[in-house]
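These are the residues of each chain, in order.
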Amino acid sequence: MKVFKKSPYLSIFQLNYKYAQNRIKLMTILIMVVTVGLLHINSASAAQLRAGVAKANITNLKKARLVNDSLYAKVLVLDNGSVRVVIITVDAVGTGIFLDNVRSQLQEHLNIKPENVIINASHLHGAGPSYSDIDKPILKATKEAINNMVPVNVGVGKGYEDRIMENRRIKLKNGKEWTIRHANPLPPDEEVAGVGPVDPEIGILRLDKKDGKPLAIVYNFACHPYQGVPNRGTTADFPGFASKVIENNLVDGALALFLQGCGGNITTILYKDVNHPRDAEPLGNMLGLRTLQAVNKIQCKNSGELKVIHEIIELPRRNDIPQRIASLQDEQAKLLQSLRGTSLNIKTFIPLYIKYNLSDDFPSYYSHRYLHEKMTGKNDLEGLDAGNRRNIEKYLRNIYAMEKLTRIQTNLSILKARQAEKEAAGEETLKAEVTGIRIGDFVLVTFPGEAVVEIGLNIKKMSPHQYTFVAGYTNENGTKGQPPMEEGNIWYAPTKEHFKGEAYEDTWTALAPEWQKIYEDKVFEILKKL
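Residues numbered from 1 in each chain as written. Predicted model: local features only at pLDDT ≥ 70, side-chain atom pairs only at ≥ 80, totals over all residues. Heavy atoms only, no water.

**Examining the overall build of the protein**
Here comes step 1: Scanning the protein from N- to C-terminus turns up 12 helices and 19 strands.
Here comes step 2: Of all 530 residues assigned to the protein, the portion counted as buried reaches 51%.
Here comes step 3: Accessible surface for the protein amounts to roughly 26,100 Å². Of this, 55% is attributable to carbon and sulfur atoms. (Helix = DSSP H or I, 4+ residues; strand = E, 2+ residues; numbered from the N terminus. Buried < 20%, exposed > 50% of the residue type's maximum accessible area, 1.4 Å probe, protein only. Areas by Shrake-Rupley, 256 points an atom, 1.4 Å probe, with all protein chains shown as cover.)

**A closer look at the sheet that holds strand β8 (residues 177–179)**
Here comes step 1: The strand order across the open sheet built from three strands is β8-β7-β9, with neighbouring strands paired in antiparallel fashion. Only two strands of the sheet have a single partner each, and these edge strands are β8 and β9 (192–195). Each strand axis lies, on average, 35° off the axis of its neighbour in the sheet, ignoring direction.
Here comes step 2: Both strand β7 (residues 169–172) and β8 contribute to a ladder of three bridges, which runs antiparallel. Across the sheet, I170 pairs through a bridge with W178, a residue of β8. (Pairing = 2+ DSSP bridges. Axes fitted to C-alpha atoms, helices over the stretch in contact; angles between N-to-C directions.)

**Some details on the side chain of R318**
Here comes step 1: By the secondary structure assignment, R318 is in the loop between β14 (306–316) and α6 (321–338).
Here comes step 2: Owing to a relative accessible area of 2%, R318 belongs among the buried residues under this scheme.
Here comes step 3: A distance of 3.0 Å separates the side chain of R318 from the backbone oxygen of T509, its partner in a polar contact.
Here comes step 4: R318 has contacts with R324, L415, K422, F499, D506, T507, T509, A510, L511 and A512, leaving out every residue within four places of it along the chain. (Polar contact = N/O pair within 3.5 Å; in protein donor to acceptor, adjacent residues only side chain to side chain. Contact = heavy atoms within 4.5 Å.)

**Let's talk about the environment of Q337**
Here comes step 1: Examined against the element boundaries, Q337 turns out to sit in helix α6.
Here comes step 2: Judged by relative accessible area, which is 60%, Q337 ranks as exposed.
Here comes step 3: Separated by 64 residues in sequence, Q337 and A401 have C-alpha atoms that sit 9.8 Å apart.

**Describing the sheet that holds strand β12 (residues 255–260)**
Here comes step 1: Taken together, the eight strands give an open sheet; going across it, the order is β4-β3-β2-β1-β5-β10-β11-β12, and neighbouring strands pair in mixed fashion. Pairing within the sheet leaves two strands with one partner each, and these edge strands are β4 (117–121) and β12. Looking at each pair of strands side by side, their axes are set apart by 25° on average, direction ignored.
Here comes step 2: Where helix α4 (residues 237–248) meets the sheet, its contacts fall on β1 (50–57), β2 (72–79), β11 (214–221) and β12, and the angle it forms with β12 comes to roughly 150°.

**Observations concerning helix α5 (residues 281–295)**
Here comes step 1: Between the first and last C-alpha of α5 there are 20 Å, a value that for 15 residues agrees with the 21 Å anticipated at 1.5 Å per step.
Here comes step 2: When we look at burial in α5, the residues that qualify are L283, G284, L287, G288, T291, L292, A294 and V295. Taken down its axis, α5 places every buried residue within 165° of arc, on the same side. (Expected span 1.5 Å × (residues − 1). Arc of directions from axis to C-beta.)

**Regarding a nonpolar patch on the surface**
Here comes step 1: On the surface, a nonpolar cluster with roughly 500 Å² of combined accessible area is contributed by I346, I350, Y353, I354 and L358.
Here comes step 2: Among the secondary structure elements, L358 is positioned in helix α7 (residues 346–358). (Patch = residues over 30% accessible without salt bridge, like charges linked within 9 Å, V, L, I, M, F, W, Y side chains within 5 Å. Salt bridge = Lys/Arg side-chain N within 4 Å of Asp/Glu carboxyl O.)

**What about unusual backbone geometry?**
Here comes step 1: Located in the positive-phi region is Y473, a residue other than glycine, with phi close to 55°.
Here comes step 2: Even without glycine at this site, W491 takes up a positive phi of about 60°.
Here comes step 3: Structurally, W491 is set in the loop between β18 (468–471) and β19 (492–493).
Here comes step 4: Overall, W491 belongs to the buried group, its relative accessible area being 11%.

**A word on the pattern of salt bridges**
Here comes step 1: Evaluation of the coordinates by the stated rule reveals 32 salt bridges.
Here comes step 2: Between R169 and E177 there is a salt bridge, and its shortest N-O distance comes to 2.6 Å. Just as R169 is buried, E177 falls in that class too.
Here comes step 3: The partner of D330 in a salt bridge is K334, and the shortest N-O contact between them spans 3.4 Å. Of this pair, D330 and K334 both sit in helix α6, four residues apart, which is roughly one turn of the helix.
Here comes step 4: A relative accessible area of 42% places D330 in the partly exposed class.

**Looking at the pairing of strand β16 (residues 442–446)**
Here comes step 1: The buried count for β16 comes to five of five residues, which makes it a mostly enclosed element.
Here comes step 2: Taking every second residue as pointing to the same face, both faces of β16 are buried, with F442, L444 and T446 on one and V443 and V445 on the other.
Here comes step 3: With four bridges joining them, strand β15 (residues 429–439) and β16 adopt antiparallel strand pairing. What sits directly across from G436, in β16, is V445.
Here comes step 4: Where β16 lies against β18, four bridges are found, and the strand directions are parallel. Looking at the pairing, L444 lines up with F469 of β18.

**Quick notes on helix α9 (residues 380–425)**
Here comes step 1: Over its 46 residues, α9 extends 68 Å from the first C-alpha to the last, a length consistent with the 68 Å expected when each residue adds 1.5 Å.
Here comes step 2: Note on α9: the residue one or two positions beyond its end, G426, has a positive phi of about 65°.

**Comments concerning the confidence of the model for the protein**
Here comes step 1: Overall, the prediction assigns the protein a mean pLDDT of 90, with 88% of residues at 70 or greater.
Here comes step 2: Predicted confidence for residues 33–45 stays below pLDDT 50, and this span has four contacts to residues more than four positions away or in other chains.
Here comes step 3: Contacts from residues 478–482, a stretch scored under 50 in pLDDT, to residues over four places away or in other chains number 12 contacts. (pLDDT = per-residue confidence, 0-100.)

**Describing the packing of aromatic side chains**
Here comes step 1: Using the criterion set out here, one finds 14 aromatic pairs in the structure.
Here comes step 2: Positioned above the aromatic ring of Y72 is the side chain of K55, whose terminal nitrogen or guanidinium carbon lies 4.5 Å from the ring centre.
Here comes step 3: Sitting over the ring of W178, R407 keeps its end group 4.1 Å from the ring centre. (Phe/Tyr/Trp six-rings, centres within 6.5 Å; stacked < 30°, edge-to-face > 60°. Lys NZ or Arg CZ within 6 Å of the ring centre and 35° of its normal.)

Take a look at the structure:
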């Protein structure tokens with residue numbers, strides 16, 4: 001039998017054939033992957049976002065002596081067919097007492113995931129809602145919002161307002177800081193070196209119905225709402241007045257939802273003014289009008305993008321409280337030792353102080369009497385003035401010392417309370433909810449406490465998204481196992497640098513300075529995923 005040798009050309013042909021087959025298979029797989037990816041992208045962009053809004057009056061009539069304007073819980077429900085999110089804004093100091101109840105009710109009756117429920121408190125001081133049953137009106141409003149859901153277009157923008165607030169942490173020449181509060185006086189002007197920053201940005205989400213009429217305006221701004229009104233009645237403060245201005249200029253049924261920002265160290269302007277009645281309405285009007293100016297420039301477009309990322313992180317509790325207490329007690333002892341006796345009391349001090357500040361050269365009488373004494377070789381009035389000035393100076397030193405003592409006394413009581421809480425908890429960390437939401441181009445991240453304005457500014461600067469906003473006072477104390485508190489367990493969240501200032505915010509906080517990096521790193525991770 002004749003044996004044929006295998007042709008080398010045939011082997012080469014077979015190899016090329018197999019190689020071609022593999023390439024065809026690989027290209028087919030790649031085409032399928034790309035096609036599926038494009039279909040996913042197209043379906044996400046083509047998904048129709050629907051939204052509904054409603055509100056509930058939560059004014060506590062039993063607690064309120066006088067109601068100037070009502071308090072509300074406002075609900076915005078968003079759904080793109082695969083994700084449902086509920087954003088609730090509440091005229092309250094915090095969410096700590098009712099957060100878990102509200103979430104449980106929404107999950108039980110409406111099958112809404114707790115992690116997709118975001119509740120932001122305006123941090124309203126004073127008369128608040130009836131915490132024992134606030135979940136009921138919120139559940140009712142959420143049902144109403146779901147029933148009223150309609151297709152919407154999405155727009156995002158920014159406004160600017162810098163006239164109604166200021167940073168309340170005053171920088172002192174000795175390197176420390178002092179917080180502007182009604183509970184303690186301000187330091188002498190000659191001890192003040194500077195002030196901190198503010199965030200004038202108004203972050204705005206605009207949701208329009210398909211006919212172009214606004215359905216909801218969500219606006220984010222950072223400032224404590226505790227200005228009050230002249231009649232001292234219950235009020236939603238400047239956020240309530242701002243929302244009223246916005247809603248009055250929109251179509252009937254449209255809602256304005258205020259999201260409190262990082263306002264831990266931001267106060268309303270002229271907070272310590274003693275020459276005019278305290279009135280939040282002009283401040284709210286200014287914020288509302290500036291928000292409207294920006295709203296009118298926003299162009300809405302169809303977008304089905306709706307994404308939520310929810311995480312729980314561990315933040316370290318502070319360990320410096322014993323040292324801070326010891327330092328304050330040492331300062332307290334020195335101030336007590338500095339007090340000196342003086343013949344003056346408040347009745348004699350005030351007229352003398354005024355008189356000696358009206359005239360440096362001739363405080364005790366008209367100038368001609370001083371000139372007459374000088375001509376006759378006498379100095380009785382000059383001697384009287386020298387003695388009075390010494391007594392005035394001693395009295396002033398005592399007053400300044402007592403003002404510092406009142407501040408120290410307050411801070412000591414706060415620190416002791418924080419230490420007791422830490423010992424009762426028996427843990428070195430605090431659990432904190434962090435949520436990131438993307439609605440079209442609107443990106444929001446949250447913090448469950450009173451973050452200071454620098455934190456919000458840092459996050460906006462680091463974000464890869466053009467429209468990034470931060471809501472403090474959100475989902476406070478939402479982790480099970482922690483005792484419910486009105487303002488949560490974290491309280492203030494100052495920067496690492498603030499701990500050197502020894503002011504109000506870094507006294508109140510339950511956190512160690514290292515919390516800032518942990519939180520900001522986690523937020524950056526979330527922002528990249530959004």
